[in-house]
Structure formats: structure tokens, C-alpha cells
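Reading the structure
The lines below spell out each chain.
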Amino acid sequence: MPTKTHEDQLQSVVDRLSAAAEADYYNPYKRFAWPDRLDVDGYWMSPELMTVHGTSAARELDEKTLQEISKWESGHFYSLNVHGIRELLIEVVRRIHTTGFEIPTKFFHHFVGEENEHMWFFAEFCLRYLGKIYPDRSMSFGTDPGSPLVQNFIVFSRILIFEEIVDYFNSRMGSDDRLHPTIRDLNKIHHEDESRHIAFGRQLVTLAFQKVCDDGTDDEREFCRTYTRRFLDSSIAGLYSPAVYRDAGVTNPTAFRREVMNDPARAAANQAMSRRTTSFFHRIDAMAAA
Ligand SMILES: [Fe+2]
Ligand SMILES: [Fe+2]
């Protein structure tokens, strides 16, 4: 039996995931119950997933303030989704039906359609229940990220890292019985769609890095490895938002953020969020050590 080339492998993944996307297709505009008001009695997100979890700063706060943080932090998390999706849609639309993307294009159609819908339901949640979407503060793509080989690797790596971190939250909140049914449902549905996107993204990233190693320079390969590390670290840091703490009524939110981020309890929590991602990137040797 001849060994399957990377392209053959990508083709069979694209076929399998496209069939799954067709079979699982739903109407997002009818899928969710949107009560006029969200009567949340308790936490808006799983307490263990909050950025303040396990910290000494959190132990100084009363239950009411912690619940208030959970409300604004969940809104911040969905806002990150809205902005992350806009950025990834721009890059995928730029590539669909262009030379070199003949195989993934079939799944790009599902990806673009589903992401547009995800962006809609996350924005809907923020606007209905929090009255706003937090502004985008993420690390920009940059104007000159290198040759097309490097650009492709970076684009698909950014998408994958973003989707895997988000999925860490969605997969847990989607089955957390303590949460309001609308919140649980939003997370559960997103997790189901994202499991296809992540499987697809891992194939694209593996192939894109293979091309950098085969046809790029040593410097380009090192640039890619450093970039993924930097992007992962800045994505995790971006979860800690002073605006969230301010909205929840915390005094001196900037100092509070610093204290929370530097709390020894957070190192293990941050590691847990990114473990699956770092082990994938390390397996293909495409991420520098921490
Ligand atoms: Fe999504
Ligand atoms: Fe996605």
C-alpha cells in the first residue's frame, strides 16, 4: 500500500468533515431561546473558569462581587469570540477558491457559513444581556508577517490557537448544570461545531508548517515557532481584562489585574487552558518552548 501523502490525508479529512457539517446543519436564528431578560441566579460562567479563580485577591471579595465578575467576564469572553471570528473570516475568505487552496475550499464554505452564525449568536448575547461588546485588544496580525508560506502558517495557527482556547471554555460550560440553559446551550452548540473546525485546522497547520520546513529558510521556520508561542501567551493574557473588573465594581482594576495574573495559582490554570494546543504544536515542532 502506498503511503498517503499529506494532500490525500487533507482531502479525506475535508470530505469527512464536510459531510458531518451538512448532516449537523441547523438554523442558528431559530435554534436558541432568547428570553427578554436573563435571570441568572448565581454565576454566568463556571466559577473554576474565571480568571480570578484560586487567587488570594478573589478570596478577599464577597460572593456578590464574584458573581458580578462572572457576568462581565462571560460577556468579555463572547466579545473575544466576535472579534476573533471577524479576523479569521477575513483571512479564510481571502484564500477561498484561490490557487493552492483547491482541497480545503470545500470545507472553507462550511467554515465561513458557520463562523458567520457563531459571530451572530455571540454578538446577540452580548448586546441583549450586557448592552455592549467589549472592544478588540488582541495582538494584531501585523502588516508584514513574511512570505506567503509564513503568512499561511501564521493565519491557520492563529485560528487554531484561538479556537482551541475557546473550546476549553465551551466544552466545560456546555455541560455545566449550574449555568442558565441559554448560556449552556450557546456553549454546547459552539463546541459541537468547533470540534470539526479544530480537526480541520490541525491538518492545515501541519501542512502549512511542512511547507515552511520544505521550501522556507531556517529563519522563517524559527520565526514561525516564536510567533505561535507569542500568540498563545498573548491570547491567554488577553483573557484578563481590566475593563471586566472595572464593570464588576472592583476598585483599582489595573492593579487588581496585575495581582490576579501574578498569583501563583494562575500558572497552573493557564497551563491547563493551553495544554492540548501546546502539545499539538510541540508534536509537529512548530512552537518555541515557554
Ligand atoms: Fe466558531
Ligand atoms: Fe471555528
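Report on the accompanying structure.

**A few points about the coordination of the iron ion (ligand 1)**
- For the iron ion (ligand 1), every protein donor is listed as Glu115 (OE), His118 (ND1), His190 (NE2) and Glu194 (OE), and the spread of their distances is 2.2 to 2.4 Å.
- Taken together, the four donor atoms coordinating the iron ion (ligand 1) span angles of 85 to 152 degrees at the metal, a pattern that classifies the geometry as irregular.
- Site description for the iron ion (ligand 1): donor spacing in sequence, E-x2-H-x71-H-x3-E.
- Between the two metal centres, the iron ion (ligand 1) and the iron ion (ligand 2), the spacing is 3.3 Å, with glutamate 115 acting as a shared donor. Separated by three residues within a single helix, glutamate 115 and histidine 118 lie in helix α5 (residues 105–129), roughly one turn from each other.

**Some details on helix α4 (residues 63–95)**
- Relative to the 48 Å expected for 33 residues at 1.5 Å per residue, α4 spans 48 Å between its end C-alpha atoms, a close match to the ideal helical length.
- Burial analysis of α4 places 24 of its 33 residues in the buried class, the great majority of the element.
- One or two positions beyond α4, positive phi appears at histidine 97, with a value near 60 degrees.

**Points about unusual backbone geometry**
- Positive phi outside glycine occurs at histidine 97, with the angle close to 60 degrees.
- Structurally, histidine 97 can be placed in the loop between α4 and α5.

**Some thoughts on the state of the cysteines**
- This model, assessed by the stated rule, comprises zero disulfides.
- No disulfide involves cysteine 213; its nearest neighbouring cysteine sulfur is the one of cysteine 224, lying 8.1 Å away.

The rules behind these values
- Residues numbered from 1 in each chain as written.
- Chains lettered and ligands numbered in written order.
- Predicted model: local features only at pLDDT ≥ 70, side-chain atom pairs only at ≥ 80, totals over all residues.
- Heavy atoms only, no water.
- Donors = N, O, S within 2.8 Å, 3.2 Å for Na, K, Ca; no water.
- Tetrahedral: all angles 85-135°; square planar, octahedral: opposite > 155°, others 65-115°.
- Helix = DSSP H or I, 4+ residues; strand = E, 2+ residues; numbered from the N terminus.
- Expected span 1.5 Å × (residues − 1).
- Buried < 20%, exposed > 50% of the residue type's maximum accessible area, 1.4 Å probe, protein only.
- Disulfide = S-S within 2.5 Å.

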